[in-house]
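Observations on chain architecture
Listed below are the residues making up each chain.
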Amino acid sequence: MSLFTYAERIANAQATKEPIEKITITNPTLTVDQAYEIQKISMEQTLTAENHFIGWKMGLTSVAKQQQVGVDSPIYGRLTSSMNLRRNEIIASDYIHPRVEAEVAFVFNKAVSGANLTPLDIWSSVESVYLALEVIDSRYQNFSFTLPDVIADNASSTKIWLSAQAFSPYALDWSAVNVVLKQNGEEKLYGNGAAVLGHPIHSVIELLTLLAKEGRGILPGQLVLTGGITDAIAVQAGDVIEADYGQLGKLTLFVK
Ligand code: OOG
Ligand code: MG
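Reading guide: rules and limits
- Numbering of residues begins from 1 in every chain and follows the order in which that chain's sequence is written.
- Key to labels: chains lettered from A, ligands numbered from 1, both in the order written.
- Reporting in this predicted model follows two pLDDT cut-offs: at least 70 for local features of residues, and 80 or more for side-chain atom pairs to be given and counted; totals over whole chains, interfaces and linings ignore these cut-offs and use all residues.
- With hydrogens and water set aside, each side-chain value is computed from the structure's full complement of heavy atoms.
- Per the convention used, a helix needs a DSSP run of H or I reaching at least four residues, while a strand needs a run of E reaching at least two, with both numbered from the N terminus.
- Multiplying one less than the number of residues by 1.5 Å gives the expected span of a helix.
- Burial here depends on accessible area, computed with a 1.4 Å probe over protein chains only, as a share of the maximum for the residue type. Under 20% is buried, over 50% is exposed, and the range in between is partly exposed.
- This arc corresponds to the set of directions leading from the helix axis out to the C-beta atoms.
- The contact definition used throughout considers only heavy atoms, calling two residues in contact when any of these lie within 4.5 Å.
- To be near a molecule or strand, a residue needs just one of its heavy atoms within 4 Å of it.
- In protein, a polar contact requires one atom able to donate a hydrogen and another able to accept it; more generally it is a pair of N or O atoms within 3.5 Å, and residues adjacent in sequence count only if both atoms are side-chain atoms.
- Surface accessibility follows the Shrake-Rupley procedure with a 1.4 Å probe radius. Residue values consider only the protein chains on display as shielding.
- Following the grouping adopted for this structure description, the nonpolar residues are Ala, Val, Leu, Ile, Met, Phe, Trp, Tyr, Cys and Pro, the charged ones are Asp, Glu, Lys and Arg, and the polar ones are all others, Gly among them.

1. Overview of helix H1 (residues 3-16)
Its 14 residues place the ends of H1 20 Å apart at the C-alpha level, agreeing with the 20 Å of an ideal helix rising 1.5 Å per residue. Every buried residue belonging to H1 is among Tyr6, Ala7, Ile10 and Ala13, and all of these are buried. Angularly, the buried residues of H1 cover 125° about the axis, an arc narrow enough to put them on a single face. Exposed side chains of H1 directed beyond 90 degrees from the buried face belong to Phe4 and Ala15. Of the surrounding elements, those touching the buried residues of H1 are helix H2 (23-26), helix H3 (32-46) and helix H6 (147-152). Immediately downstream of H1, the backbone of Lys17 shows phi near 60°, a positive value.

2. Remarks on the site of ligand 1
Taken together, the neighbourhood of ligand 1 is formed by 17 residues, with Lys57, Leu60, Glu101, Ser156 and Gly228 sitting nearest. Between ligand 1 and Glu103, the relevant distance is 2.9 Å, taken from an oxygen atom to a side-chain nitrogen or oxygen of the residue. Here an oxygen atom of ligand 1 sits 3.0 Å away from a polar atom, N or O, in the side chain of Glu134. Here ligand 1 has 320 Å² of accessible area as a free molecule, and 100% of this is covered by the chains. Put simply, the parts of the chain that give the shell around ligand 1 at least two residues each are strand E1 (53-59), helix H4 (63-69), strand E4 (99-108) and strand E5 (126-136). With 3 residues, E1 is the single largest residue contributor to the shell around ligand 1. In the shell around ligand 1, the residues fall into 8 nonpolar, 4 polar and 5 charged.

In structure tokens, the structure reads:
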């Protein structure tokens, strides 16, 4: 089966909400590079005048996330404007088996690229930091996949809800930010920014190292989600999810 056919099958699973068998069942030799190519093909096909590329997400950057899905390498995915929610509400039946996780996101105002950079190389390109809830939804049956499968499925990307408040990158040590993830008022998961590769800025370093292999980088105006601080919570209609970041504020997502 060609990479285009896999890209189509994933897009179709998303559109019909019918999960598919993971690709590696029938194609166990699928490589990481081929999987990124499938991701690129399927995401480029979604681009329109109304749905433009807005940036990147990193996934599987914390041990909690890696253990939840049994894949232990950080990966990237592509973000488009239609993923950026206008209201803090999703409809559960629009998805296959949605999950929600709490993250920190960076917005860049200068271009930056290159492998194995240091925090020093990156901070001067960061304009602001946002708190983020990410909705993920695997297009595979049972939310089960291997590394190439999840890369091909655009790292399960689905929706993003960002804080209204933009924080200065220098407002605090982002590895010290604590988050409590609550479901219907009940505290479910705890984490702090250090869970993301020691510091969320390291997730950006990792992203740039991966992008450098393709001669790409981050451009001004682009957004980067650094990856779930805690593992993700499966949600259903009627749920209210709250990520409490202490003094920084709270994000709430209503699941209808
Ligand atoms: C893969 C996407 C992971 C994160 O923040 O780690 C991700 C998955 O768990 O389905 O978005
Ligand atoms: Mg995520």
